[in-house]
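Here is what each chain is made of, one letter per residue.
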Amino acid sequence: MMTRTFAPPRRGRTLRAISLATLAAVVLSTGVAVTSAQAAGSTLQAAAAESGRYFGTAIAANKLSETAYTTIANREFNMVTAENEMKLDATEPNQNQFNFTNGDRIVSWARSNGKQVRGHTLAWHSQQPGWMQNMSGSALRSAMLNHVTQVATHYRGQIHSWDVVNEAFADGSSGARRDSNLQRTGNDWIEAAFRAARAADPNAKLCYNDYNTDNWSHAKTQAVYNMVRDFKSRGVPIDCVGFQAHFNSGNPVPSNYHTTLGNFAALGVDVQITELDIAGSGTSQAEQYRGIVQACLAVSRCTGISVWGVRDSDSWRSGDTPLLFDGNGNKKLAYNYTLDALNAGGTGNPPTGGCTVTVTRAEEWSDRFNVSLAVSGSSAWRVSVQLQGSQSLQNSWNATVSGSTGTLTAVPNGNGNSFGITLYKNGNTNLPTATCSTT
Ligand code: G2I
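Described below are features of the structure shown in this document. (Residues numbered from 1 in each chain as written. Predicted model: local features only at pLDDT ≥ 70, side-chain atom pairs only at ≥ 80, totals over all residues. Heavy atoms only, no water.)

## Considerations on the packing of helix H11 (residues 282–297) against helix H12 (residues 333–344)
No. 1: Packing of H11 against H12 leaves a shortest axis separation of 8 Å and a crossing angle of 25°. The pairing of H11 with H12 is recorded here as roughly parallel in orientation. With respect to the hand of their crossing, H11 and H12 are arranged in right-handed fashion. Where H11 approaches H12, its residues Gly282, Thr283, Gln285, Ala286, Glu287, Tyr289, Arg290, Val293 and Leu297 are matched on the opposing element by Leu333, Ala334, Tyr337, Thr338, Ala341 and Leu342.
No. 2: Looking at the contact of H11 with H12, its residues break down into 9 nonpolar, 4 polar and 2 charged. (Axes fitted to C-alpha atoms, helices over the stretch in contact; angles between N-to-C directions. Helix = DSSP H or I, 4+ residues; strand = E, 2+ residues; numbered from the N terminus. Parallel < 35°, antiparallel > 145°, perpendicular 65-115°, else oblique. Left-handed = near helix turned anticlockwise from the far one by under 90°. Contact = heavy atoms within 4.5 Å. Nonpolar A, V, L, I, M, F, W, Y, C, P; charged D, E, K, R; others polar.)

Shown next, in the form of structure tokens:
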């Protein structure tokens, strides 16, 4: 566990959470006043990193030559999403002719500035190239899977999380899938896309991403939840759910937001706020941003927040002034509230705090396969390995591993930070997922 210690009271956190007796004991035993063990972050990325989370933004390739834009983006954010450059129309303008020029520019800018990348998006009813819009049936299904495979392969190893499928559910009270040419290829198109993405880039987290899924009581939220629960129970490779979080007065931040995030996380997926923007201004807008940050910080598996653009003038709906910087690059009140809320911390540190673990497929036999796990960031770690379906442990090396099905726990046994396991497939060849915490 990453421990968070006392933050200064001016940040609002939280002598309240510490019993007076404990506080007295600390003061008595040290003879000095309690102070923060960790300086408050002065940028969004630094403040989010205090609890092991990222803070990201959408980036437009055609703005990377603008210094005012890149200065803010580089300073404040450590996760980057291509706003349009990895979409289907951008990456496969003609069937089987791929164009990664602008997507690559964004990845290259991100990596050269030490940032991670969210991929957006592999399969979507919208922004399809003309040739795809006119397709249907098995030809479309094959073309979609080929697209997923080619794009995820091109970016293999460079993507933190992929929005594998975007916006596949209908709005309103039906709880149904959205009608689209992809949906008409068969209800299993979403899981087929996830399996293709996993095969192409086994180390990227694979997300389902949607909007109007914030309010727990809404039919669309329930429908997505039921799909994710079904996927997890059948071993369909899904690792995360993206909540776009485009809010305005007609669609305000719901008071049950943290319930929504927590319930999804309890299914065994990470949750990410992926395209945050909130129409408005002043205190009302700032308070809503604060509410979003607090909801994320309250859920251990809410691993990061991305806003959908840098300055209001960069927004897809600039008239709503929905972002954290104004058109001149000045920090808005919403920025200050967001930064303070990140610095104030929350109750749930993500499981990745303090160390990370990568999971790689190794040797395979008809009934078994090997999995290599490498920990970085700490030598005092505990790794939870979530087996898929009915997989069970046959053997392990270079770590002490307990459990045999479901979730395994591994701790160091003096053989360093890499270890391995052999799993019986028992009908499921999917790679397990793993999370790391420091001890
Ligand atoms: O609509 C807001 C977002 C909802 N969730 C999925 C996101 O992918 C989506 O992003 C927006 C971009 O912010 C817009 O920039 O998606 C729109 C449609 O893909 C983007 O708009 C497009 C315009 O439709 C194009 O005409 C334009 O050439 O932006 C393009 C580049 O400016």
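Still more ground to cover, so stick around.
## Quick look at the pattern of salt bridges
No. 1: The final tally for this structure, using the stated rule, is 20 salt bridges.
No. 2: A salt bridge links Arg195 to Glu191, with the nearest nitrogen and oxygen atoms 3.9 Å apart. Of the two residues, Arg195 and Glu191 are both situated in helix H8 (residues 189–200); the distance of 4 residues between them amounts to about one turn of the helix.
No. 3: Given the relative accessible area of 36%, Arg195 is considered partly exposed.
No. 4: Here Glu364 makes a salt bridge to Lys425, at a shortest N to O gap of 2.9 Å. Of this pair, Glu364 sits in strand S10 (residues 356–364) while Lys425 sits in the loop between strand S16 (418–424) and strand S17 (433–438), and the two are 61 residues apart along the sequence.
No. 5: For Glu364, a relative accessible area of 42% gives the class partly exposed.
No. 6: Judged by relative accessible area, which is 10%, Lys425 ranks as buried.
No. 7: Within the structure, one salt-bridge network assembled from shared partners comprises Lys63, Glu66, Arg311 and Asp314. (Salt bridge = Lys/Arg side-chain N within 4 Å of Asp/Glu carboxyl O. Buried < 20%, exposed > 50% of the residue type's maximum accessible area, 1.4 Å probe, protein only.)

## Quick notes on the site of the ligand
No. 1: Neighbouring residues of the ligand: 13 residues in total, closest Glu83, Lys87, His120, Gln244 and Glu275.
No. 2: With respect to the ligand, the side chain of Lys87 contributes an N or O atom lying 2.8 Å from an oxygen atom.
No. 3: Interatomic distance of 3.0 Å between a side-chain N/O atom of Trp308 and an oxygen atom of the ligand.
No. 4: Here the ligand, which alone exposes 620 Å², has 59% of that area covered by the protein.
No. 5: Of the residues belonging to the shell around the ligand, the class tally is 3 nonpolar, 6 polar and 4 charged. (Near = heavy atom within 4 Å. Polar contact = N/O pair within 3.5 Å; in protein donor to acceptor, adjacent residues only side chain to side chain. Areas by Shrake-Rupley, 256 points an atom, 1.4 Å probe, with all protein chains shown as cover.)

## Looking at the sheet that holds strand S14 (residues 399–402)
No. 1: Judged by pairing direction, the sheet is antiparallel, and its 4 strands sit side by side in the order S14-S15-S12-S17 without closing on themselves. Looking at which strands have only one partner, the edges of the open sheet turn out to be S14 and S17. In this sheet, adjacent strand axes meet at a mean angle of 20° when their direction is disregarded.
No. 2: Across 4 bridges, S14 lies against strand S15 (residues 407–412) in antiparallel orientation. (Pairing = 2+ DSSP bridges.)

## Topic: the pairing of strand S1 (residues 54–59)
No. 1: Judged by how many residues are buried, S1 sits mostly within the fold: 6 of 6 residues are covered.
No. 2: Burial of the side chains of S1 extends over both faces: Tyr54, Gly56 and Ala58 are buried on one face and Phe55, Thr57 and Ile59 on the other.
No. 3: For S1 and strand S9 (residues 302–307), the ladder comprises 4 bridges, and the chain directions are parallel. Across the sheet, Thr57 pairs through a bridge with Val307, a residue of S9.
No. 4: Here 4 bridges tie S1 to strand S2 (residues 79–82), and the two strands are oriented parallel to one another.

## A word on the side chain of Glu275
No. 1: With respect to the secondary-structure elements, Glu275 resides in strand S8 (residues 270–278).
No. 2: Of the side chains bearing the opposite charge, Arg118 lies closest to the buried Glu275, which forms no salt bridge; the N-O distance is 6.4 Å.
No. 3: A polar atom in the side chain of Glu275 sits 3.1 Å from the side chain of Asn209.
No. 4: Polar side-chain contacts of Glu275 include one of 2.7 Å to the side chain of His246.
No. 5: In contact with Glu275, not counting residues within four places along its chain, are His120, Asn209, Phe243, Gln244, Ala245, His246, Ser306, Val307 and Trp308. (Lys, Arg positive; Asp, Glu negative; His and termini not counted.)

## Observations concerning helix H9 (residues 219–234)
No. 1: Taking 1.5 Å of rise per residue, 16 residues should cover 22 Å, and H9 covers 23 Å from first to last C-alpha, within 8% of that figure.
No. 2: Inspection of H9 places Lys220, Thr221, Ala223, Val224, Tyr225, Met227, Val228 and Phe231 among the buried residues, and these make up the whole buried set.
No. 3: For H9, the secondary structure elements touched by its buried residues are H8, strand S5 (205–210), strand S6 (240–243) and helix H10 (257–265). (Expected span 1.5 Å × (residues − 1).)

## Concerning the packing of aromatic side chains
No. 1: Evaluated as defined, the whole model comprises 13 aromatic pairs.
No. 2: Aromatic rings pair up to connect Phe98, Phe100, Tyr155 and Trp162 into one cluster.
No. 3: When the ring centre of Tyr211 is taken as origin, the NZ or CZ atom of Lys220, which lies over that ring, is 3.7 Å away.
No. 4: Sitting over the ring of Trp365, Arg368 keeps its end group 5.5 Å from the ring centre. (Phe/Tyr/Trp six-rings, centres within 6.5 Å; stacked < 30°, edge-to-face > 60°. Lys NZ or Arg CZ within 6 Å of the ring centre and 35° of its normal.)

Distances and angles like these do not, on their own, reveal function.
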